[in-house]
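Below, each chain spelled out in residue letters.
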Amino acid sequence: LNLCSNVNVESPSPTKESPSNETLPSTVRQLRRSKQFNISGQNVDVISEDDVSAIIQSGVKTVDLSGNCFSSIPSWIFQLHGTLSDLNVAHNRLTVVCPEISSCVKLKHLTLSNNSLVDLPDVQ
């Protein structure tokens, strides 16, 4: 699922027909067979619990959160430890990378460029 550089990612205001105000489109919860999740360039800093649940259940291999407003790598990323091979968190507001990143044993590519990193974990 690639939602990068969409102008209007937020759902419209709640109505009687559509009472929820979701951060991302409902297609996120239809990720069953997708191996990629890309929301680059959306200026988001949080993803709803329902969307996170769908992402985790799908077992994605590639996550692109670049060009957003995350101040840390979202903790749900570490729940993908058995499948995640590519993580792009470039162009966010990261200052540190927590040691839990080492739990992602299949991670081959980690892109951290253009953040405000002041510390990296000691990972062996």
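For the structure itself, consult the block above.
No experiment lies behind these values; they were computed from the predicted model shown.

Student: Just checking my understanding: could you explain the sheet that holds strand S2 (residues 62–64) for this structure?
Tutor: In any sheet, the strands associate via hydrogen bonds between backbone groups, in a parallel or an antiparallel arrangement. Across the sheet, which stays open at both edges, the 4 strands sit in the order S1-S2-S3-S4 with parallel pairing between neighbours. In this open sheet, the two edge strands, each paired with only one partner strand, are strand S1 (36–38) and strand S4 (109–111). Across this sheet, the average inter-strand angle for adjacent strands is 0°, counted without regard to direction. Bridge count between S1 and S2: 3 bridges; the pairing is parallel. When the sheet's bridge partners are listed, Phe 37 is paired in S2 with Val 63.

Student: Explain unusual backbone geometry here, please?
Tutor: Generally, phi is negative for residues other than glycine and the peptide bonds are trans, each holding for most cases. Residue Asn 43 is not a glycine yet carries a positive backbone phi of 60°. Within the fold, Asn 43 resides in the loop between S1 and helix H1 (49–58). On the basis of relative accessible area, Asn 43 is assigned to the exposed category, the value being 57%. The phi dihedral of Asn 114 is positive, around 55°, even though this residue is not glycine.

Student: Looking at this structure, I do not really get the environment of Val 97. What am I missing?
Tutor: Relative to the assigned elements, Val 97 resides in the loop between strand S3 (86–88) and S4. Its relative accessible area of 6% is what places Val 97 among the buried residues. Placed 20 residues apart in sequence, Val 97 and Leu 117 show a C-alpha to C-alpha distance of 7.8 Å. Every residue in contact with Val 97, bar those within four places of it in the chain, is listed here: Ile 73, Leu 112, Leu 117, Asp 119, Leu 120 and Pro 121.

Student: Help me understand the side chain of Ser 66 in this model?
Tutor: By the secondary structure assignment, Ser 66 is in the loop between S2 and S3. Once residues lying within four places of it in the same chain are set aside, the contact partners of Ser 66 are Ile 39, Ser 40, Gly 41, Asn 88, Val 89, Ala 90, His 91 and Asn 92.

Student: Sorry if this is basic, but what is going on with H1 here?
Tutor: Turn by turn, an α-helix covers 3.6 residues, leaving residues three or four places apart pointing in a common direction. Among the residues making up H1, those that are buried are Asp 51, Val 52, Ala 54, Ile 55 and Ser 58. Along the long axis of H1, the arc covered by the buried residues comes to 160°, so they all point the same way. With respect to the buried face of H1, the exposed residues turned more than 90 degrees away are Glu 49, Asp 50 and Gln 57. The inward-facing, buried residues of H1 abut S1. At the exit of H1 stands Gly 59, carrying a positive phi of roughly 65°.

Rules used throughout
- Each residue is numbered by its place in its chain's sequence as written, counting from 1.
- With the structure being a predicted model, the display of local features is reserved for residues of pLDDT at least 70 and the display and counting of side-chain atom pairs for 80 or more, all residues being used for whole-chain, interface and lining totals.
- Computation of side-chain values covers all heavy atoms of the structure but excludes hydrogens and water.
- Each pair of strands is called paired provided DSSP finds at least two bridges between the two strands.
- By the criteria applied, helices consist of DSSP H or I runs no shorter than four residues and strands consist of E runs no shorter than two, each listed in order from the N terminus.
- Lines fitted to C-alpha atoms define the axes, with helix axes restricted to the stretch in contact, and inter-axis angles between N-to-C directions lie between 0 and 180 degrees.
- Residue burial is assigned from relative accessible area. The probe radius is 1.4 Å, only protein chains are included, and a residue is buried under 20% of its type maximum, exposed over 50%, and partly exposed in between.
- It only takes one pair of heavy atoms within 4.5 Å for two residues to be counted as in contact.
- To be clear, the arc concerns the directions from the helix axis to the C-beta atoms.

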